2 protein chains.
Amino acid sequence: MLSKNSIKYIQSLQHKKFRDEYNVFVAEGPKLVNELLNTHSFVCRNVFAVEEWVDMLNDATKLSLGSKLEVVLDFELAKIASFATPNNVVAVFEKKIINDSYQPKGRITLLLDDIQDPGNFGTIIRTADWFGITHIVCSNNTVDMYNSKVVQSTMASLARVNVIYTDLTSWMLKNVGVKKYATTLNGNPLGNVKGIKEAMIIIGNEANGISEAVLQLADENITIPKWGQAESLNAAVATGIILHAFKQ
Amino acid sequence: MLSKNSIKYIQSLQHKKFRDEYNVFVAEGPKLVNELLNTHSFVCRNVFAVEEWVDMLNDATKLSLGSKLEVVLDFELAKIASFATPNNVVAVFEKKIINDSYQPKGRITLLLDDIQDPGNFGTIIRTADWFGITHIVCSNNTVDMYNSKVVQSTMASLARVNVIYTDLTSWMLKNVGVKKYATTLNGNPLGNVKGIKEAMIIIGNEANGISEAVLQLADENITIPKWGQAESLNAAVATGIILHAFKQ
């Protein structure tokens, strides 16, 4: 039986304020929760699941979860789940501690300037993971990586990609010597670049692009060649195209 | 004053059944509605807007809208708008009549096999428009292109890209002679392809990929090289990467 306090606690985690206060976030659904449990990237605090999900667990996982696992009924789960589909399991994990001594030298790093849409951000994290990018550096105004929609759309890539929130311009000024590419609508055409091993790729806000202060610190503006008439590309699509071109 | 019947009518258009019955769809927000009005790709049936939006119209547009334009109050607009942000304008357009004699010879055509997520589909339409793709051929089970979330996420590319719903395997069998590339997780690596002018690119369902029947009609399976560990790429991101590689 799910207590009123548990319900209140999990519902409160829909708000960044409480995620920050308790230092945790929520993941939903068998696929995501199983993956996060298996990767061991996040310390698990609680799992609320229906019998059906619990029955499918292997003994080792069941044992390791111990008293953190609470079996609930469908109608109880519905109270704490934020997505409409019956999800069978809702879990609370501790946020990851990100080592802020990250060195971008010799690597490709994504820099996000105020990405606002949680779905876009989650898809960018997942795309970064596909291309083996280990670190994303975000402006402080970028949407929270532990927002439930971000968490769901990362498809567990959250476990493998490290996200750093910081003052983007200060961070860029501290990390000189790595070429900084700004993705804009009027830069050099993204040509046949290949095998780039070290770069910072800056992706801007969906509506306003990259802020002037960040843009001024870029070494080169690049643009994905346009053949048709769309005004812009989705931020996650643009990220994928550039990462593929750079990694080729 | 918005009549009860108007409210009921527009709300009903959230359902495909009624969009089909009346042969219309809904677009919201100044940016999208203005673009759709300007492109003249869709016949406008009704515009419900707050004074503020109407004041910004030029005389020609105001004249051409005539009695189709109805000024409403904020609280009235909120009743017919499906998105949370105050949108200032909600418009009803007639669906486009798609000429089904489309010839894929000499062009790049996107084939979508049961794409289900409206946001993904809208982003794919927008991405196709960026790369100058004029036609998308969809399986009958692909989400409705006039679903409000699809319409909003196309960012007016809906006006320039033609979407054909059909039995995908029959259509492929009728259109032989154009090389068909299936995007899968275990095909030939998408290498340094370049300047491809004629192709069919097949993108599969988000969870299940391309169906067996469609896959059997493909000439080549291609895969976007993976450097990290994400299980898959978002369908719209994959579409963007492949279109960019083909058009280069």
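Use the structure listed above.
So, a few notes on the structure that sits alongside this text. This one's a predicted model, so the numbers in the text were calculated from it and none came from an experiment.

Notes on the relation of the copies chain A and chain B
Moving on, step 1. For these two chains of identical sequence, chain A goes onto chain B by a turn of 180° and a shift of 0.0 Å along the axis, with RMSD 0.0 Å. A rotation of that kind, with that shift, is consistent with a two-fold axis.
Moving on, step 2. Counting the interface residues of chain A, we find that 100% of their copies in chain B are interface residues as well, pointing to one common contact surface.

Concerning the pattern of salt bridges
Moving on, step 1. All told, the structure shown has 16 salt bridges over all chains when counted by the stated rule.
Moving on, step 2. The residue Arg45(A) makes a salt bridge to Glu94(A) at a minimum N-O spacing of 3.0 Å. Remark: Glu94(A) occurs in strand S4 (residues 89-94) and Arg45(A) occurs in strand S2 (residues 44-49); sequence separation between them is 49 residues.
Moving on, step 3. Of the residues examined, Glu94(A) reaches a relative accessible area of 24% and is grouped as partly exposed.
Moving on, step 4. The shortest N-O distance in the salt bridge between Lys179(B) and Glu220(B) comes to 2.7 Å. Of the two residues, Lys179(B) is situated in the loop between helix H9 (168-174) and strand S8 (180-189) and Glu220(B) in strand S10 (residues 220-223); the sequence distance between them amounts to 41 residues.

Focus: unusual backbone geometry
Moving on, step 1. Look at Met155(A): it is not a glycine, yet its phi comes out positive at around 55°.
Moving on, step 2. Residue Met155(A) is classed as partly exposed on the basis of its relative accessible area, which comes to 37%.
Moving on, step 3. Of note, Ala156(B) is a non-glycine position whose phi angle comes to about 75°, a positive value.
Moving on, step 4. Structurally, Ala156(B) can be placed in the loop between helix H8 (148-154) and strand S7 (162-166).

Reading the values: the criteria
- Every residue gets a number counted from 1 within its own chain, in the order that chain's sequence is written.
- The naming scheme follows written order: chains are lettered A onward, ligands numbered 1 onward.
- pLDDT decides what is reported in this predicted model: residues at 70 or higher carry local features, side-chain atom pairs at 80 or more are listed and counted, and totals for whole chains, interfaces and linings draw on all residues regardless.
- Heavy atoms throughout the structure, all of them, feed into the side-chain values; hydrogens and water do not.
- The copies were overlaid with a least-squares fit restricted to C-alpha atoms from residues scoring a pLDDT of at least 70 in each copy.
- The contact rule is simple, with two residues in contact once any of their heavy atoms fall within 4.5 Å.
- The working definition used for a salt bridge is a side-chain nitrogen of Lys or Arg within 4 Å of a carboxyl oxygen of Asp or Glu.
- What counts as a helix is a DSSP run of H or I of at least four residues, what counts as a strand is a run of E of at least two, and both are numbered from the N terminus.
- Only protein chains enter the calculation, and the probe is 1.4 Å; a residue is then buried if its accessible area is under 20% of its type maximum, exposed if over 50%, and partly exposed in between.

Limitation: the analysis is restricted to geometry and does not speak to function.
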